[in-house]
Amino acid sequence: LVPTLAHEIFARFLNEVEDGLSEAGLSLVVATTDYDADKEFRRARDLLNVGVEALVVSGLDHSAEFAAIIALHRVPLIAISRFSANAVMPTIGYDNAAAAQSALMYLTDLGHRDIAVVAGPLASNARTRERVRGLKDISPQISVTETGLSMKEAIDTCTQLLQTTQKVTAILSLTDIVAQGALVACKRAGVRVPQDVSVIGIDDLPSSAYTEPPLTS
């Protein structure tokens, strides 16, 4: 169960999972949740009703109904994209707060002080909220601009940001998709990267190595 198939990070992950399962003689069934807990529950229920033997889910935020159906069917369950030693299920992931802090400190070490932070939707994504929390732990005054996770939304948000915020010397995007949108917005606005504004992302997507200029992530 993944939030979407539209983003490279989940497509790459599912490709690796399918390769591993195939070697073990198992098959992969994919369903998307659109970051919606109720939809996740319905998808899980449907999969379990047709005999799925284990579930991989994204993140640790799930509804009570989801937890109940997992307990009823007693299937193996593992969460990706977040790591927690105290979670009720096994997790494979990373420290989202530390990743955001590392990106911020990289920029401040370069001398940046006027840094704009652009993030995907906070309400529906615990990983993004953890990244924002990590930033505020070390820089409480920092403000965050939300955008959608499509390239168009990221470009539009960053274009507006460049038009309304004159002092910004760096854009810290909490996903690579948003950072790639920021690069496009800068190019269209005649803002040079990195000479005028630095841009950094988080995710290290393979496609980020082929942007112009290559994205730091």
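Overview of the structure. These figures come from a predicted structure and were not determined experimentally. Starting from 1, residues in each chain are numbered consecutively following that chain's sequence as written. In keeping with the model being predicted, local features are shown solely for residues with a pLDDT of at least 70 and side-chain atom pairs are shown and tallied solely at 80 or more, while totals for entire chains, interfaces and linings include all residues. In computing side-chain values, all of the structure's heavy atoms are included and hydrogens and water are not.

Let us look at the sheet that holds strand β7 (residues 198–200). Here a strand pair is declared whenever DSSP counts at least two bridges between the two strands. Note on conventions: DSSP H or I runs of at least 4 residues are helices, E runs of at least 2 residues are strands, and numbering of each starts at the N terminus. Here we have 4 strands laid out as an open sheet, ordered β5-β4-β6-β7, and parallel in their pairing. Each having just a single partner strand, β5 (144–146) and β7 make up the two edges of the open sheet. Across the sheet, the axes of successive neighbouring strands diverge by a mean angle of 25 degrees, strand direction being ignored. Where strand β4 (residues 115–119) lies against strand β6 (residues 170–173), 4 bridges are found, and the strand directions are parallel. Counted as the bridge partner of V118 is S173 from β6. To obtain each axis, a line is fitted to C-alpha atoms, and for helices this fit is confined to the stretch in contact; angles are then taken between N-to-C directions over 0 to 180 degrees.

So, on to the pairing of strand β2 (residues 77–80). Where strand β1 (residues 55–58) and β2 come together, 4 bridges link them in parallel fashion. Its bridge partner being in β2, S58 is matched across the sheet by I80. By the criterion used throughout, a crossover qualifies as right-handed when its path from the first strand across the helix to the second strand runs clockwise, the strands pointing away from the viewer. With respect to chirality, the unit in which β1 leads through helix α3 (residues 64–73) into the neighbouring parallel β2 is right-handed.

A few words now on the packing of helix α4 (residues 96–109) against helix α5 (residues 126–138). With their axes 7 Å apart at the nearest point, α4 and α5 run at an angle of 50 degrees to one another. In terms of orientation, α4 and α5 fall into the oblique class. As for the relative orientation of α4 and α5, their crossing is right-handed in sense. Facing α4, whose interface residues are N96, A97, A100, Q101, L104 and M105, α5 presents R127, E130, R131, R133, G134, L135, D137 and I138. By the convention adopted, Pro, Cys, Tyr, Trp, Phe, Met, Ile, Leu, Val and Ala count as nonpolar, Lys, Arg, Asp and Glu as charged, and the other residues, Gly among them, as polar. For the contact of α4 with α5, the per-class residue count stands at 6 nonpolar, 3 polar and 5 charged. Put simply, angles under 35 degrees are roughly parallel, angles over 145 are roughly antiparallel, angles from 65 to 115 are roughly perpendicular, and the rest are oblique. With the far helix as reference, a near helix turned anticlockwise by less than a right angle produces a left-handed crossing, and one turned clockwise produces a right-handed crossing. A contact between two residues is defined here by any heavy atoms of the two lying within 4.5 Å.

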